[in-house]
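Given next are the chains, with one letter for each unit.
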Amino acid sequence: MRTVGVTDQSIYHLVITRAKAYYELLKFRLSALVTFSAVFGFILGDSGSSFGWSSFLGLALGGFLISGASGAANEIMERDLDKLMKRTKNRPLPLQIISLTEAYWFTFGIAFIGLALLWMYTNPLTTWLGVLSMVLYVFVYTPLKRVGPIAVFVGAIPGAMPPLLGWTAATGAISYEALIIFGIQFIWQFPHFWAIAWVSDEDYKKAGFKLLPSGGGQDLNTAIQIMIYTLFLLPLGLLPSYFGLTGLNSGIVATVCGVLFLAQTFSLMRDCSRKSALKIMFGSFLYLPIVQIAYLLDKLP
């Protein structure tokens, strides 16, 4: 009986360990945030006459899976580099909790299911935009991280795709409203990426990643560029209200959040410290969902 108990406990531990490994390979939290942005775009683009639940659920699950597949493919491509960095050395592939073959099958499987869901329950435009997003993230952005800061520009495109996919899933077309919500998330990527790159600079250098602008320095020039792109969010955040996509209240919320976000960049320009960069990083994580929720609430009757 004792042997059986030990065996059962070992199997349970193995199952939990592997489940956690696939959870991490999927980059679950990041994929959930991506899905939220896609859902945001769908609800904002919905006409309101009859909510398309099948398209909505197909987008949410399909978008989550293609985001997870992109993250998993990124971990496959960077598995040897991940061993060098403190923040990534405990990922499942560096620790060999999951074999490379398993990771490939898992990635191809969820990518296929995700794209199939988009094709069946949304429309071809949304599906092809999903394919474009995956290709840019995996095969362009990922290798460019070791080339130079151009990677941030390229990575900002798939990073801003989720609300665009949500809009096209609801409407079947790319309109100026879709480009507005794409543009807000596109510009947001720059202070977001650069703050992360500043905080993780020591780790990134071990892997040869070159994401900071202005020669890759943690200096005033980089801080100024972070400030400039954050400043762009102020007028961009007002565009949904200006064009009647949402109401005035969300414009006020976006402005207040933008000003608070911008204020953090002045602290970075003053002391160029990791602590100030860390505040910008956390501020960027708060800015986007708060503003998107404000837009949604302002649209609701």
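Before any of the text, the structure's been laid out above.
The structure contained in this document is the topic of the report that follows. (Residues numbered from 1 in each chain as written. Predicted model: local features only at pLDDT ≥ 70, side-chain atom pairs only at ≥ 80, totals over all residues. Heavy atoms only, no water.)

Notes on a nonpolar patch on the surface
- A contiguous nonpolar surface patch, about 370 Å² in accessible area, is contributed by Phe36, Ile293, Leu297 and Leu300.
- Within the secondary structure, Phe36 sits in helix 2 (residues 28-45).
- Phe36 gets classed as partly exposed once you look at its relative accessible area, which sits at 30%. (Patch = residues over 30% accessible without salt bridge, like charges linked within 9 Å, V, L, I, M, F, W, Y side chains within 5 Å. Areas by Shrake-Rupley, 256 points an atom, 1.4 Å probe, with all protein chains shown as cover. Salt bridge = Lys/Arg side-chain N within 4 Å of Asp/Glu carboxyl O. Helix = DSSP H or I, 4+ residues; strand = E, 2+ residues; numbered from the N terminus. Buried < 20%, exposed > 50% of the residue type's maximum accessible area, 1.4 Å probe, protein only.)

Regarding the packing of aromatic side chains
- Under the definition given, this model contains 23 aromatic pairs.
- Centre to centre, the rings of Trp194 and Tyr229 are 5.3 Å apart; their planes meet at 80°, and the pair counts as edge-to-face. Here Trp194, found in helix 8 (residues 176-199), pairs with Tyr229, found in helix 10 (residues 220-242); they are 35 residues apart in sequence, far enough to count as distant.
- Here Trp194 falls in the buried class, since its relative accessible area comes to 4%.
- Owing to a relative accessible area of 22%, Tyr229 belongs among the partly exposed residues under this scheme.
- Through a chain of ring-to-ring contacts, the aromatic side chains of Phe153, Phe182, Phe186, Phe190, Trp194, Tyr229 and Phe232 assemble into a single cluster.
- The aromatic ring of Phe209 is capped on one face by Lys145, whose charged end is 4.5 Å from the ring centroid. (Phe/Tyr/Trp six-rings, centres within 6.5 Å; stacked < 30°, edge-to-face > 60°. Lys NZ or Arg CZ within 6 Å of the ring centre and 35° of its normal.)

Re the side chain of Thr265
- The topology assignment puts Thr265 in helix 11 (residues 248-271).
- Residues contacting Thr265, with those up to four places away along its chain left out, are Ile226, Met227, Thr230 and Ile280. (Contact = heavy atoms within 4.5 Å.)

Some words on unusual backbone geometry
- For Lys27, which is not glycine, the phi torsion reads 50° and is therefore positive.
- Mapped onto the elements, Lys27 comes out in the loop between helix 1 (2-25) and helix 2.
- Positive phi outside glycine occurs at Cys272, with the angle close to 50°.
- For Cys272, the location among the structural elements is in the loop between helix 11 and helix 12 (274-299).

A look at the pattern of salt bridges
- Per the counting criterion, the structure on display carries 6 salt bridges.
- Notably, a salt bridge pairs Arg18 with Glu102, separated by 2.1 Å at the nearest N-O pair. Here Glu102 lies in helix 5 (residues 100-121) and Arg18 lies in helix 1, a separation of 84 residues in the sequence.

Concerning the nonpolar core
- Counting residues in hydrophobic clusters, the biggest one holds 77 residues, and the most contacted among them are Leu44 and Tyr287.
- Ranked by the residues each element gives to this core, the list is headed by helix 8, at 16 residues.
- Counting only domains with at least three residues in this core, you end up with domain 1 (11-173) and domain 2 (175-300).
- Counting residues in each nonpolar core, the second largest holds 7 residues, with Ala21, Leu25, Ala72 and Ile76 among its members. (Core = buried A, V, L, I, M, F, W, Y, C linked by side-chain atoms within 4.5 Å. Domains from an automatic or database assignment.)

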